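Listed below, chain by chain, are the residues.
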Amino acid sequence: MSDQNNHGESLNIEPPTITNTDQLGGFFFMPHPGMLPMGLISADYAEFDSSLTYAEISNHVCEQFRQSMREYCKEKGNAFPPVFEDNSHIIILWRNVVDLTGGKVELDKTLETLCEYKNFAGTIYIRSIQDVLSVGVEYLLHMIAILYKNHRSYIFLDNDYFSYQPEAEAEKQERIKASFDGKVDSLVAEALQNVLRQTQQGEVISNLENLLQWPEPAPIDRFLEIYWKWQKAEVAVDVCKTELGITHRTFYKYSQIYEATPYYCEHLKIFYNEIKDIAKRGPLPDKEDYLRDMYALDLGQITPKDVCKKYELASVIDIPRVKIALTERRRKAR
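What you see is a predicted model; the values in this text were computed from it and never measured.

## A look at helix α11 (residues 262-275)
Stage number 1. The sharpest bend along α11 comes to roughly 50°, located at Lys 269.
Stage number 2. Counting buried positions along α11 yields 12 of 14 residues, so the element is predominantly enclosed.
Stage number 3. Burial in α11 covers these residues: Pro 262, Tyr 263, Tyr 264, Cys 265, Glu 266, His 267, Leu 268, Lys 269, Ile 270, Phe 271, Tyr 272 and Ile 275.

Rendered as structure tokens:
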């Protein structure tokens, strides 16, 4: 299946769970998964002991986020979001992960992946502005500009000034507009609104980001984009190698390296709702052995953790995906 991580353990993570519902008139409504919030926190991968599993490392970091989130909710008088009770909606920005591609492929694109993901529209709660400053000021400006242009809410738990909530901003603008009505000349009111708009934090950041010069991306820079299209059965592997300008062998090599990194585990959380029911692509284990273990798993004779360790799966999310790949006809790539 895949290589092991830098600590010699399977990068095992739990599948996302949706625990919060809204009640109206006696009926319960499950919010669309894309509207649920996401948490964001950074951590240094090299700081953790090599004897720990990825699940243990990840839980330790996610607990730090939960602690900050509870303090924030207490300060604001809000209820703690149930979706953060587990780790499925808390994304970790990892630092100092060993690069096994030798700098040839950039796999550390977690922040970019989260910000640009079109099927997610929930609020991003970021533990601290320092968590995203770790990726660099220019890159941070680029990501915030993307969120602002897409009217996406993001809240820094330690910094209200840099937080952005489109709904709250729109309400504030309406109050300002109402205060102008009938009190000042219409041309003066329009001029004042233009000044206020230009000094909005998101507008300022977007204009700053436009001043940055970004190098023209090479084909291989699209590796993660193409990889996930492949996993979602949107493109065949022939398209992957053509788009990236590499051979089949090299594409599979980088795919296995990627799946052995902690980045893959975090990206699985982001793409979960799109890939959970789609066959896992890439090398597969022996069909009879795997299905025998699936039967034992159903009987409770073994645990998902046992399956991940035996077959070197990064996450329990991939357990059913491998089963689909072994037992069902694969969806034909477009």
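## Here's the deal with unusual backbone geometry
Stage number 1. Located in the positive-phi region is Asn 96, a residue other than glycine, with phi close to 55°.
Stage number 2. Mapped onto the secondary structure, Asn 96 falls in the loop between β4 (90-95) and α2 (110-116).
Stage number 3. Relative accessible area serves as the criterion here: at 53%, Asn 96 is assigned to the exposed category.
Stage number 4. Although it is not a glycine, Ala 233 sits at a positive phi angle of roughly 65°.
Stage number 5. Checked against the element boundaries, Ala 233 lands in the loop between α8 (223-231) and α9 (237-244).

## A look at helix α12 (residues 287-298)
Stage number 1. Here α12 is 12 residues long and its end C-alpha atoms lie 16 Å apart, about the 16 Å a rise of 1.5 Å per residue gives.
Stage number 2. Where α12 starts, the residue carrying a side-chain oxygen 3.2 Å from the main-chain nitrogen of Glu 288 turns out to be Asp 286.
Stage number 3. Phi turns positive, to about 80°, at Gly 300, one or two residues after α12.

## Structural notes on the packing of α8 against α11
Stage number 1. Relative orientation of the contacting elements α8 and α11 amounts to 40°, with a least axis distance of 12 Å. One element, α8, and the other, α11, form an angle in the oblique class. Crossing handedness for the pair α8 and α11: right-handed. Contacts between α8 and α11 involve Leu 224, Tyr 227 and Trp 228 on the former and, on the latter, Tyr 264, His 267, Leu 268, Phe 271 and Ile 275.
Stage number 2. Taken together, the residues of the contact of α8 with α11 sort by class into 7 nonpolar, 1 polar and no charged.

Definitions and limits used
- Residues numbered from 1 in each chain as written.
- Predicted model: local features only at pLDDT ≥ 70, side-chain atom pairs only at ≥ 80, totals over all residues.
- Heavy atoms only, no water.
- Bend = angle between axes of the 7 residues up to and from the residue.
- Helix = DSSP H or I, 4+ residues; strand = E, 2+ residues; numbered from the N terminus.
- Buried < 20%, exposed > 50% of the residue type's maximum accessible area, 1.4 Å probe, protein only.
- Expected span 1.5 Å × (residues − 1).
- Polar contact = N/O pair within 3.5 Å; in protein donor to acceptor, adjacent residues only side chain to side chain.
- Axes fitted to C-alpha atoms, helices over the stretch in contact; angles between N-to-C directions.
- Parallel < 35°, antiparallel > 145°, perpendicular 65-115°, else oblique.
- Left-handed = near helix turned anticlockwise from the far one by under 90°.
- Contact = heavy atoms within 4.5 Å.
- Nonpolar A, V, L, I, M, F, W, Y, C, P; charged D, E, K, R; others polar.

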